[in-house]
Amino acid sequence: MYKNLVPAGALALAAVCFSLPVFSQPKPAAGEPVKAGFVYVSPITEAGWTKQHDEGRKAVEAALGAGVKTTFVENVPEGADAERVIRDLARQGNQIIFTPSFGYMEPTLKVAKEFPEVKFESITGYKTVDNVAAANARYYEGRYLAGIAAGRMTQTGVAGYVAGFPIPEVLQGINAFTLGMRSVNPKAQVKVVWLNAWFDPPKERDAAMALFNQNVDVIAFHTGSTAVMTAAQERGKLAVAYHSDMRKVAPDAQIVAVTHQWGDYYTRRIQAAANGTWTSGKVWGGVKEGMIRVGDFGSKVPKAVQAEVLARQKDIASGKLRPFAGPIVDNEGREVVPKGQAMTDEQILTMNFLVSGVQGRIAK
């Protein structure tokens with residue numbers, strides 16, 4: 001069978017939120033603002049992964065006003081550089097530090113051992129300790145909805161997907177997008193290009209252009225810039241925006257956007273750090289919790305398609321629609337989810353296959 005890409009520790013990242021024992025937490029001095037640090041894996045561009053997290057930071061400032069002082073460092077590579085920056089933020093007196101990138105998980109855990117009184121939030125990580133919490137969003141729910149829009153809008157029946165790394169989170173997105181597309185266009189195919197990079201605009205653009213040369217007329221991506229969107233705009237193709245609304249750079253290309261909403265989560269966690277109620281734990285929230293939203297339709301999308309996507313979004317929020325409900329067959333013909341069953345959170349979090357309709361293999 002398939003090789004698991006994430007250790008079993010990731011399995012605990014289930015349910016939306018659960019409580020753990022409360023540990024003694026230091027509070028900021030009376031009248032002093034909470035100091036919160038943020039580490040970004042790429043520059044803050046006009047849209048994308050980092051932009052959405054910075055919008056979350058700004059939402060914190062708007063909500064808490066003088067009660068918070070935020071600091072951020074952008075364009076920090078995963079690895080040794082991240083460890084250094086996270087440590088510097090802790091030394092500067094930040095009481096809570098957010099590290100939103102999968103590759104920041106281990107550096108965060110290492111620094112957390114040195115600063116037991118500082119709270120850390122590992123966004124997209126899955127390991128926790130007393131002073132490190134983990135949080136992620138159910139991106140795949142938005143991907144399924146975007147697939148419905150793509151399935152309705154494609155003329156060739158072939159979609160493209162520019163993917164960063166073959167971790168379960170990315171596989172969930174590819175598979176959900178394909179299943180959503182095939183729910184309305186059963187013969188649709190999805191071609192994937194692996195970049196092994198989260199943020200590399202030239203490579204993202206080249207991958208998109210290569211896919212457009214292979215009969216692809218609608219494209220999605222799991223990378224950090226707007227390069228795929230601008231490529232689609234240039235070529236007169238259609239695209240699904242990710243992280244942010246990207247109509248500013250692709251006004252004609254964008255059909256829909258899968259957006260991440262971090263402001264409420266960040267605000268609640270910083271408020272908890274301020275009042276001494278912060279505890280370690282794990283959050284995995286989606287459409288229902290307001291962490292994932294699909295909308296921002298482009299001008300070319302018929303009202304009927306918009307209404308269909310929004311109706312299915314309500315179905316996901318209510319639990320009526322589960323993107324990974326069977327029957328599901330992988331792209332090698334093996335049944336992975338029987339009819340009448342649905343994948344558990346544990347199975348979704350360790351996803352290591354590509355569904356039928358996806359062309360290609362998981363990059364090793």
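Values in this document were obtained by computation on a predicted structure and should not be read as measured data. (Residues numbered from 1 in each chain as written. Predicted model: local features only at pLDDT ≥ 70, side-chain atom pairs only at ≥ 80, totals over all residues. Heavy atoms only, no water.)

1. Brief notes about the packing of aromatic side chains
In this structure the tally under the stated criterion is 15 aromatic pairs. Ring plane angle 65° and centroid distance 6.2 Å describe the contact between Trp49 and Tyr139, whose orientation is recorded as edge-to-face. With a gap of 90 residues between them, Trp49 in helix α1 (residues 49-64) and Tyr139 in helix α4 (residues 139-153) connect regions that are remote in the sequence. Residue Trp49 shares its accessibility class with Tyr139, and that shared class is buried. (Phe/Tyr/Trp six-rings, centres within 6.5 Å; stacked < 30°, edge-to-face > 60°. Helix = DSSP H or I, 4+ residues; strand = E, 2+ residues; numbered from the N terminus. Buried < 20%, exposed > 50% of the residue type's maximum accessible area, 1.4 Å probe, protein only.)

2. Describing the sheet that holds strand β9 (residues 238-243)
Pairing is mixed across the open sheet formed by seven strands, whose spatial order is β12-β10-β9-β8-β6-β7-β15. Whereas interior strands pair on both sides, the edge strands pair on one side only; in this sheet they are β12 (292-295) and β15 (358-359). With two bridges connecting them, strand β7 (residues 189-194) and β15 associate as parallel partners. Note that in β15 the partner of Val190 across the bridge is Val358. Sheet strands in contact with helix α7 (residues 227-235) are β6 (158-163), β8 (218-222), β9 and β10 (254-260), and its direction is about 165° off that of β9. (Pairing = 2+ DSSP bridges. Contact = heavy atoms within 4.5 Å. Axes fitted to C-alpha atoms, helices over the stretch in contact; angles between N-to-C directions.)

3. As for the side chain of Arg269
Topologically, Arg269 is positioned in helix α8 (residues 263-275). By relative accessible area, which is 14% here, Arg269 ends up buried. Reaching out from Arg269, the side chain makes a polar contact with the side chain of Glu121 at a distance of 2.6 Å. Excluding its chain neighbours within four sequence positions, the residues that come into contact with Arg269 are Ile96, Phe98, Glu121, Ala133, Trp278 and Thr279. (Polar contact = N/O pair within 3.5 Å; in protein donor to acceptor, adjacent residues only side chain to side chain.)

4. Quick notes on the pattern of salt bridges
Two side chains with opposite charge may pair up if their charged atoms get near one another. Evaluation of the coordinates by the stated rule reveals 21 salt bridges. Residue Lys51 is joined to Glu55 by a salt bridge in which the shortest nitrogen-to-oxygen separation is 3.3 Å. Of this pair, Lys51 and Glu55 both sit in helix α1, four residues apart, which is roughly one turn of that helix. Across the pair Arg205 and Glu234 runs a salt bridge, and its minimum N-O distance is 2.9 Å. Of the two residues, Arg205 is situated in helix α6 (residues 201-212) and Glu234 in helix α7; the sequence distance between them amounts to 29 residues. (Salt bridge = Lys/Arg side-chain N within 4 Å of Asp/Glu carboxyl O.)

5. Structural notes on the sheet that holds strand β5 (residues 132-137)
Within the open sheet, the six strands sit side by side as β2-β1-β3-β4-β5-β11. Their pairing is parallel. Two strands bound the open sheet, and with one partner strand each, they are β2 (68-73) and β11 (282-285). Recorded for the sheet is a direction-independent mean angle of 15° between the axes of neighbouring strands. Pairing of strand β3 (residues 96-100) with strand β4 (residues 119-123), which is carried by five bridges, proceeds in the parallel orientation. For Phe98, the partnering residue across the bridge sits in β4 and is Glu121. Taken strand by strand, α8 contacts β1 (34-39), β2, β3, β4, β5 and β11, and its axis lies near 155° from that of β3.

6. Considering unusual backbone geometry
Following Gly326, the chain continues to Pro327 via a peptide bond in cis, the omega torsion being 5°. Locating Pro327 in the fold gives a position in the loop between α9 (303-318) and β13 (328-329). One non-glycine residue, Thr124, adopts positive backbone phi at about 80°. Along the chain, Thr124 turns up in the loop between β4 and β5. Backbone geometry places Asn196, a non-glycine residue, at a positive phi of 55°. Locating Asn196 in the fold gives a position in the loop between β7 and α6. Accessibility expressed as a relative area gives 42% for Asn196, which makes it partly exposed.

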